[in-house]
Amino acid sequence: METVKISPSLLSADWMNLEQELKNLSAWGADMVHCDVIDGLFAPNITFGMPMISALKRKSKLPLDVHLMIVKPERYIDKFIAAGSDTIAFHPEASDKPLEVLDKIRKSGIKAGIAINPDISASVVKQYLDNIDYILLMGVFPGFGGQKFIPEVMDKIDECKKYTVGRNIYIELDGGVTVENIGEMKRRGLNAAVAGNAVFAAADPAGAVKMLKA
Ligand code: DX5
Ligand code: ZN
């Protein structure tokens, strides 16, 4: 079994000390830094935007794994690319021009992903297979860290695996990932996992990253 890449979500970090948290993430062995951009419209929370991504980019040694939970990402996609995102996923139902957005992301030389909410069929990815580098499967409804994984999402990993056979597309799971449930996800072929609470709320975050990857 290949090891899974771990992308801790800054939503659960100490925002008063983000520079230190970025250093911690490198030291703990994380692979990416998951940045949840929420506009208060697509999901019921408001986080941060492009200026935060550029600030993080100046200090982060790890790639910035940007998750846009915003309405009409086409309005801001150029700015999120320019801010230094290394991967960008968005929710296609929030966009009038998902293919245009994907195209812009990829033409800029970074990775493009489609995020799939728990109540949306994974089959929607079929129409984007030629245009994406990853699928961000949501294990919870977007908005907050620390929610419980919705077990029905587990089967979507198998489904996405089928759609992506022979293609260079990785599958990342976001929401509710724990040391306990990640084993099953890995057995089903998951390639990357976001982990907010499982890392930042752990008594030993470095140990948690290690266990999640093991
Ligand atoms: C939910 C976000 C997730 C979340 C994950 O809106 O997209 O990235 O922060 O947090 P945990 O791992 O705590 O469920
Ligand atoms: Zn996310």
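Everything in this summary refers to the structure shown in the same document. (Residues numbered from 1 in each chain as written. Chains lettered and ligands numbered in written order. Predicted model: local features only at pLDDT ≥ 70, side-chain atom pairs only at ≥ 80, totals over all residues. Heavy atoms only, no water.)

### Topic: the coordination of the zinc ion (ligand 2)
Protein coordination of the zinc ion (ligand 2) is provided by His 34 (NE2), Asp 36 (OD), His 67 (ND1) and Asp 174 (OD), with donor distances spanning 2.1 to 2.3 Å. For the zinc ion (ligand 2), the six donor atoms in the first shell make angles of 69 to 172° at the metal, a pattern classed as octahedral. Counting the intervening residues between successive donors of the zinc ion (ligand 2) yields the motif H-x1-D-x30-H-x106-D. Highlighted residues: His 34 in strand 2 (residues 33–38) and Asp 174 in strand 7 (residues 170–174), separated in sequence by 140 residues. (Donors = N, O, S within 2.8 Å, 3.2 Å for Na, K, Ca; no water. Tetrahedral: all angles 85-135°; square planar, octahedral: opposite > 155°, others 65-115°. Helix = DSSP H or I, 4+ residues; strand = E, 2+ residues; numbered from the N terminus.)

### A closer look at the nonpolar core
Core analysis: the largest hydrophobic core is formed by 61 residues, its most contacted members being Leu 10, Cys 35, Ile 53, Leu 68, Ile 88, Ile 105 and Leu 173. Among all residues touching Ile 105, those that are not within four sequence positions of it are Ile 77, Ile 81, Ile 88, Phe 90, Ile 110, Lys 111 and Ala 112. One finds Ala 115, Leu 136, Tyr 170 and Val 194 within the second-largest nonpolar core, a separate group that totals nine residues. (Core = buried A, V, L, I, M, F, W, Y, C linked by side-chain atoms within 4.5 Å. Buried < 20%, exposed > 50% of the residue type's maximum accessible area, 1.4 Å probe, protein only. Contact = heavy atoms within 4.5 Å.)

### Some remarks on the pattern of salt bridges
Within this structure, the stated rule accounts for twelve salt bridges. Lys 72 is paired through a salt bridge with Asp 96; the nearest N and O atoms lie 2.9 Å apart. In this pair, Lys 72 is assigned in the loop between strand 3 (64–69) and helix 3 (77–82) and Asp 96 in the loop between strand 4 (87–90) and helix 4 (98–107), connecting sequence segments 24 residues apart. The partner of Asp 103 in a salt bridge is Lys 107, with the nearest N and O atoms 2.8 Å apart. Highlighted residues: Asp 103 and Lys 107, both in helix 4, separated by four residues, approximately one helical turn. Through salt bridges with shared partners, one network takes in Asp 155, Asp 158, Glu 184, Arg 187 and Arg 188. (Salt bridge = Lys/Arg side-chain N within 4 Å of Asp/Glu carboxyl O.)

### Describing the site of ligand 1
Close to ligand 1 lie 19 residues; Asp 36, Gly 143, Gly 146, Asp 174 and Gly 196 are nearest. Between ligand 1 and Gly 176, the relevant distance is 2.8 Å, taken from an oxygen atom to a main-chain nitrogen or oxygen of the residue. Alone, ligand 1 offers 390 Å² of accessible surface; in the complex the protein occludes 99% of this. Elements with a contribution of two residues or more to the shell around ligand 1: strand 2, strand 3 and strand 8 (192–195). Taken together, the residues that form the shell around ligand 1 break down as seven nonpolar, ten polar and two charged. (Near = heavy atom within 4 Å. Polar contact = N/O pair within 3.5 Å; in protein donor to acceptor, adjacent residues only side chain to side chain. Areas by Shrake-Rupley, 256 points an atom, 1.4 Å probe, with all protein chains shown as cover. Nonpolar A, V, L, I, M, F, W, Y, C, P; charged D, E, K, R; others polar.)

### Notes on the packing of aromatic side chains
If you walk through the whole model with that rule in mind, you get three aromatic pairs. Aromatic side chains Trp 28 and Phe 200 sit 5.8 Å apart centroid to centroid with 65° between the ring planes, which places their arrangement in the edge-to-face category. Of this pair, Trp 28 sits in helix 1 (residues 18–28) while Phe 200 sits in helix 7 (residues 197–200), and the two are 172 residues apart along the sequence. Residue classification places Trp 28 among the buried residues on the basis of a relative accessible area of 17%. (Phe/Tyr/Trp six-rings, centres within 6.5 Å; stacked < 30°, edge-to-face > 60°.)

### Points about the sheet that holds strand 2
In spatial order, the strands read 1-8-7-6-5-4-3-2; together these eight strands make up an open sheet with parallel pairing. Only two strands of the sheet have a single partner each, and these edge strands are strand 1 (5–8) and strand 2. Sheet twist, expressed as the mean angle between neighbouring strand axes with direction ignored, is 25°. Lying over the sheet, helix 4 contacts strand 4 and strand 5 (111–116), oriented at roughly 145° with respect to strand 5. (Pairing = 2+ DSSP bridges. Axes fitted to C-alpha atoms, helices over the stretch in contact; angles between N-to-C directions.)

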